[in-house]
Amino acid sequence: DVNAILSDCDESIRNKYKELVPLFELMSEAFDALHGRRRRRGSIDFDLPSAEFLMDDEGRVEAVVAAERNLAHRLVEEFMLVANETVAQHLDQKKAPALFRVHEPPDPVKVAEFEEFTASLGFSLGVPSHRVKPRHFQRLLRRLHDKAEERPVAFLMLRTMQQARYEPGNLGHFGLAATSYTHFTSPIRRYPDLVVHRALRRSRGLRAKRGEGRQWQEELPELARHTSERERRAEDAEREIVQWKKVRFMSDKVGDEFSGCVTGVTAFGLFIELVEHFVEGLVHISSMADDYYRYIQGQHALRG
């Protein structure tokens, strides 16, 4: 409904929520300002769609589609980002013990390999690998927008980046081009957010007890390690379930033909994403019997 109000200007929906429409319009203005500021400092927006399952009445997957991400979703995300960043800046300025969400710059060797691949497609980051900044990746993604090369380059760019994690010290967030960042907005979903809420209370002088600060500082490194590890396990579990559902959905389509896009190339074959069903799979090199293919590593290419 919010998207219908702001993007489609749907009069029936606007009338239904007429008392709230001025607030939604203000929120949209705030989104434009915040997003514009983040874009100017070089924050990277991958905007890669995730899979959404459409289920029948019995819980079986009827279709796999790209999840919709409209203006209403983007608006909420932008407000969450600025809330997280504001809290992180406050905790950092107070030098309060807390959990920060850190994302360090990528390894220059990986950046050089990424640059070699993009150069083979006629694109470049335009800077030596040891001097790369978030804005260089952002500009490349903008140049690739809506081009055939966008998906494979974006996937490889993701693999070039370091993995974000939790740390008791503030090391900045490369991907968001933020000097400080934390997870504050979702205590129901993530334990680290609850830790940050507690840190915020302590920084405001509430519920502070003698000696508690020192104990808190001693516990935070293990908390950071533990929560980072659990996050990776949760992501692996989610990925496995998504793959399982996709396999179940495709099991009665063996032998059918579909259109697809190459999203990745390895020595053992091609990763293809189907256009119609938003499902990715491997075409193994042993099944490509029309020629003998050699893998060219720097170009991420198989050449007959």
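So, here's what we can say about the structure. (Residues numbered from 1 in each chain as written. Predicted model: local features only at pLDDT ≥ 70, side-chain atom pairs only at ≥ 80, totals over all residues. Heavy atoms only, no water.)

### Comments concerning the pattern of salt bridges
Okay, so step 1: Considering all chains together, one arrives at 17 salt bridges under this definition.
Okay, so step 2: One salt bridge in this structure joins Arg-60 and Asp-56, with 3.4 Å as the shortest N-O distance.
Okay, so step 3: Residue classification places Arg-60 among the partly exposed residues on the basis of a relative accessible area of 48%.
Okay, so step 4: Of the charged contacts in the structure, one is a salt bridge between Arg-225 and Glu-222, with a shortest N-O distance of 2.6 Å. Residue Arg-225 and its partner Glu-222 are both found in helix α9 (residues 212–250); the two are separated by three residues, about one turn of the helix.
Okay, so step 5: A residue is classified by how much of its surface remains accessible, and Glu-222, at 43% relative accessible area, is partly exposed.
Okay, so step 6: Three or more residues joined by partner-sharing salt bridges are found here, namely Glu-222, Arg-225, Glu-229 and Arg-230. (Salt bridge = Lys/Arg side-chain N within 4 Å of Asp/Glu carboxyl O. Buried < 20%, exposed > 50% of the residue type's maximum accessible area, 1.4 Å probe, protein only. Helix = DSSP H or I, 4+ residues; strand = E, 2+ residues; numbered from the N terminus.)

### Concerning unusual backbone geometry
Okay, so step 1: The backbone of Cys-9 sits at a positive phi, close to 50°, despite the residue not being glycine.
Okay, so step 2: Tracing the sequence through the fold places Cys-9 in the loop between α1 (2–6) and α2 (11–16).
Okay, so step 3: When its relative accessible area of 46% is taken as the criterion, Cys-9 is described as partly exposed.
Okay, so step 4: Even without being glycine, Asp-146 reaches a positive phi, approximately 70°.
Okay, so step 5: Following the sequence through the fold, Asp-146 ends up in the loop between α6 (134–144) and α7 (150–160).

### Quick word on the packing of aromatic side chains
Okay, so step 1: Using the criterion set out here, one finds three aromatic pairs in the structure.
Okay, so step 2: For the pair Phe-268 and Phe-271, a centre-to-centre distance of 6.3 Å together with 85° between the ring planes defines the contact as edge-to-face.
Okay, so step 3: Given the relative accessible area of 27%, Phe-271 is considered partly exposed.
Okay, so step 4: By way of ring pairs, the aromatic residues Phe-114, Phe-137 and Phe-174 are connected into one cluster.
Okay, so step 5: The ring of Trp-216 has Arg-202 sitting right over it, with the charged end atom 4.0 Å from the ring centre.
Okay, so step 6: Above the plane of the ring of Phe-249 lies Lys-253, whose end atom (NZ or CZ) is 3.9 Å from the centre. (Phe/Tyr/Trp six-rings, centres within 6.5 Å; stacked < 30°, edge-to-face > 60°. Lys NZ or Arg CZ within 6 Å of the ring centre and 35° of its normal.)

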